[in-house]
Every structure is written in structure tokens, then in C-alpha cells.
There are 2 protein chains.
Amino acid sequence: MNEADADGWQVSEEEVDHIPFSHTRYPEKEMLKRSQEFYELLNKRRSVRFISNEQVPMEVIDNVIKAAGTAPSGAHTEPWTFVVVKDPDVKHKIREIVEEEEEINYLKRMGPQWVSDLKKLRTKWIKEYLDTAPVLILIFKRVHGFAANGKKKIHYYNEISVSIACGILLAALQMTKTVPKELASIYLPTL
Amino acid sequence: MNEADADGWQVSEEEVDHIPFSHTRYPEKEMLKRSQEFYELLNKRRSVRFISNEQVPMEVIDNVIKAAGTAPSGAHTEPWTFVVVKDPDVKHKIREIVEEEEEINYLKRMGPQWVSDLKKLRTKWIKEYLDTAPVLILIFKRVHGFAANGKKKIHYYNEISVSIACGILLAALQMTKTVPKELASIYLPTL
């Protein structure tokens, strides 16, 4: 029993098998073409505040979240939870929570410089699009997890890891040509 | 002159033109196919510690960094700097800095639980691959910037923003089938 175990924290499993890694590599010309096309597609993404109410197949939402879940994370702890919301009442309740927090941001939390810096983006704390969008993906960072036996598991670099997963999620949405909504998760409490 | 200006911080530019956003949307079947293929490709990525010494065209490196630079950021401040290193001596100096910091991580900074949690990943603080890789991409978060007139500009949510850009960088590298190296930037001092 080590120190950490004595504190009620889970001790890592000991041995895992080594699995050799193999990959294919495109010829240089193809690499160049692919990197160029990916950049051009990603460069068309915008953080818009007007969202279409068109439905998106749930299988697409599942796939983009699965792509996000391939992100690296501190000690491979995968400290994220993605919650998909379609129910209009739940979406509206989320809008109320987000707007309440955002109003505090504008009126006191972030300060006058922030409000001034945002002026040119013409944002406000009212977020109609949280009702309009057919689907919301809520992203929670988990500051710790639990092992199968109920003991706590530390999540290292959890905010960095979750944000990297968000970057991959945005790339997946843009690849799929589903319009990504603003990342509103940062205003929500963590799980 | 507002409060922030009096403190020597840059006041945001006032008016910018509104540019209408348009996008194309694939038929559902195509969206499904694209989201599936993107997930399958991304799911082949691994955080390996053995890196090939094969050269990569600089134009590919430029493109993946440009893709990363399309990431959203707090108040669109783009608080990142990407530095590409090819010179063997500079790469070796970077390896020395990273190993020195990582040794502190293992011996005292992160604690015994972290060392135990990493055991199964068989990592260590020695990072030969920083010499082996033909190119290193160093990623710096900038906690503030400067306006054209020399005044300071606040970078909101800079760590989250840079990490999102890192997620897109990893996706771009995987799309291009260039083997991504471990994100070592977290051990380096910020710009």
C-alpha cells in the first residue's frame, strides 16, 4: 500500500501489454494536398451566434463526440463528459443558466475592459440560439474520476485535456459540415 | 478614455463591418459518412514516444499550424505562438530544458500518485525523441498581447484557447498522416 492508496486514492493497474504501433504515410505530394485542404476547410469555420434549427442525425453527433474522445489526456485519464441535449425544456433551462452566468460576466465578473473588447464582436448575454439549435453538446471537465472499486482517480491537466478534445470536436463538426455552435461550456459548473 | 485605458491597457477598436456567413451543408448520408471516416482516422492516433527521423516538407508544417490558428479564442485574441525548430543544436537544448522540468515532475512536483499512475504507460523523463524528430513544434500560450500602439491587450481564457488550437493541430497532423509527437509544450515556460 503506498501513500496515495492510504489516502483513499486509486492505485494504478500495474502491467498492460505493449501493442506495437504501425501507421501508413502518404507520399509528400499527397501530404501537402491533404494538409492544404484541411486548412482551407477549417479556415471557413466561424463562431456564429445565429444557429439553424435544421435537424442533425444523432449518429453524426455520436461520431463527432467519439472523434473528440480520441484526444490525448494527462496520464490517459480522459477527464471529459459530453452530454447531448435535444429536449426543448432542458435546452431552455440551460439557456437560463448560461444567460444568468453570462450577465454576471458582463456586469461585474469580467470587468470593463472585457466588455469593451467584446464590443466589436457585438455579443451580448442573451443567447437565443441555445433554444434554436436542435442539439446542444454540453462539455464537462471532470476534475477527478472513480476507479471500478469506488476509489478516486486524479485527473491530471484536466482543463487542458478537455480543451484539446473541444478542438478535435470543432474540427470534426467542420469536417462534417455541421455548423458548430459557440463553446458555451465554459460558463457551466463542472461535473 | 475609460478606466482600462487609464491603466495602460489597449481599448478595443470600435466598429468592424458585418460580413454575412454562408456555408454549404452535405446531404445527411454524406454527413454520416464524413463524420464516421473522420472518427475512424482520428481513432488511429496514438501518443507515441518513438518518433521517426524521416523529413516532413515545411509546407505541410506550415499548413497544420495555419489550421491550428483557425481555432476560436476568448474575444478573438488568438493567444498563441507556434515556433518550428529544425536545428539539431536548438532541438537538443529544448530536450535538456524539457527533461530537466520533467525530472522535477517525477521526483517531486507531481507527487507519488502521478508517478504510480504513469507506470503502466512506461514513460520516463528521458525524451530521446526530441532529438530524433526532424521538426519540433513548440506551442506557447501568451497571457497578454500588445496592440499596434504598444499598449497591453488582455488575452481571455488563454490556456483554454491554446489547448483548443492544439486539438485542431493534432487533427490536422492526423489528417495529413504525419505522426504527431507528444505535446511537450506544457513543460515549457510561457512567452
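Scroll up to find the structure this text is about.
Keep in mind that what you see is a predicted model, and the values were worked out from it rather than measured.

Chemist: Report on the overall build of chain A, specifying residues and quantitative values.
Modeler: A tally of helices and strands in chain A yields seven helices and four strands. Taken from N to C terminus, the helices and strands of chain A fall in the order α-α-α-β-α-α-α-β-β-β-α. Taken across its 191 residues, chain A has 48% of its residues classed as buried. Considering only residue pairs separated by 6 or more positions, chain A has 73% of its internal contacts joining residues 24 or more positions apart. Just so you have it, chain A exposes about 10,000 Å², and 54% of that area is on carbon and sulfur atoms.

Chemist: Explain the packing of aromatic side chains residue by residue, including any values.
Modeler: Overall, the coordinates contain four aromatic pairs over all chains when judged by the stated rule. An aromatic cluster of at least three residues, connected via ring pairs, comprises Y106, W114 and W125 of chain A.

Chemist: I'd like to hear about unusual backbone geometry, residue by residue, with values.
Modeler: Residue and element names in this part refer to chain B. Non-glycine residue E78 carries a positive phi angle of around 45°. With respect to the helices, strands and loops of the structure, E78 is situated in the loop between α3 (58-68) and β1 (80-85). Unlike most non-glycine residues, Y157 shows phi in positive territory, near 45°.

Chemist: Which residues make up the environment of D117 of chain A, and what values go with them?
Modeler: Residue position: D117 of chain A is located in helix α5 (residues 112-119). Looking at D117 of chain A, its side chain comes within polar contact range of the side chain of Y156 of chain B, at 3.0 Å.

Chemist: Would you mind going over the relation of the copies chain B and chain A in detail, with residue names and values included?
Modeler: Relative to chain A, chain B is turned by 180° and slid 0.0 Å along the rotation axis, the superposed coordinates differing by an RMSD of 0.0 Å. Within this description, the copies of the chain are treated as partners about a two-fold rotation axis. Both copies present the same face, since 100% of the interface residues in chain B are matched by interface residues at the equivalent positions in chain A.

Chemist: Break down the interface of chain B and chain A for me, with residues and values.
Modeler: Opposite the 81 residues of chain B that make contact, chain A presents 82 residues. Counting the surface chain B buries against chain A, the share from its top three residues, Q113, K120 and K177 of chain B, is 9%. The partner of E54 of chain B in a salt bridge is R25 of chain A, with the nearest N and O atoms 3.6 Å apart. In this assembly, chain B and chain A are joined by 14 residue pairs in polar contact (both at pLDDT 80 or more). In terms of residues, the side of chain B that touches chain A owes the most to one element, helix α7 (residues 158-176) of chain B, which gives twelve residues. For the side of chain B that touches chain A, the residue count by class is 41 nonpolar, 20 polar and 20 charged.

About the cut-offs
Numbers given to residues run from 1 along each chain, matching the order in which its sequence is written. By the order in which they are written, chains take letters starting at A while ligands take numbers starting at 1. Owing to the predicted nature of the model, reporting of local features is limited to residues with pLDDT of at least 70; listing and counting of side-chain atom pairs is limited to 80 or more, with chain, interface and lining totals taken over all residues. Side-chain calculation: all heavy atoms of the structure are included, whereas hydrogens and water are not. Helix and strand labels come from DSSP, where a helix needs a run of H or I of at least four residues and a strand needs a run of E of at least two; each type is numbered from the N terminus. Three labels apply to residues, based on accessible area from a 1.4 Å probe with only protein chains included: buried if under 20% of the type maximum, exposed if over 50%, partly exposed otherwise in between. Between two residues, a contact is recorded if the distance between any of their heavy atoms is within 4.5 Å. Surface accessibility follows the Shrake-Rupley procedure with a 1.4 Å probe radius. Residue values consider only the protein chains on display as shielding. Each aromatic pair joins two rings of Phe, Tyr and Trp (for Trp, the six-membered one) with centres within 6.5 Å, and gets the label stacked for planes under 30 degrees apart, edge-to-face for over 60, and tilted for any other angle. Here a polar contact is taken to be a pair of N or O atoms separated by no more than 3.5 Å, where protein atoms must pair a possible hydrogen donor with a possible acceptor and residues adjacent in sequence count only if both atoms sit in side chains. To line up the copies, we fit them by least squares on C-alpha atoms, keeping just the residues with pLDDT of at least 70 in both. Accessible area, probed at 1.4 Å, shrinks when two parts are joined; the buried area is that loss added up over both. Salt bridges are identified by distance alone: a Lys or Arg side-chain nitrogen within 4 Å of an Asp or Glu carboxyl oxygen. Residues are sorted three ways: Asp, Glu, Lys and Arg are charged, Ala, Val, Leu, Ile, Met, Phe, Trp, Tyr, Cys and Pro are nonpolar, and all the rest, Gly among them, are polar.

By themselves these figures say nothing about function.
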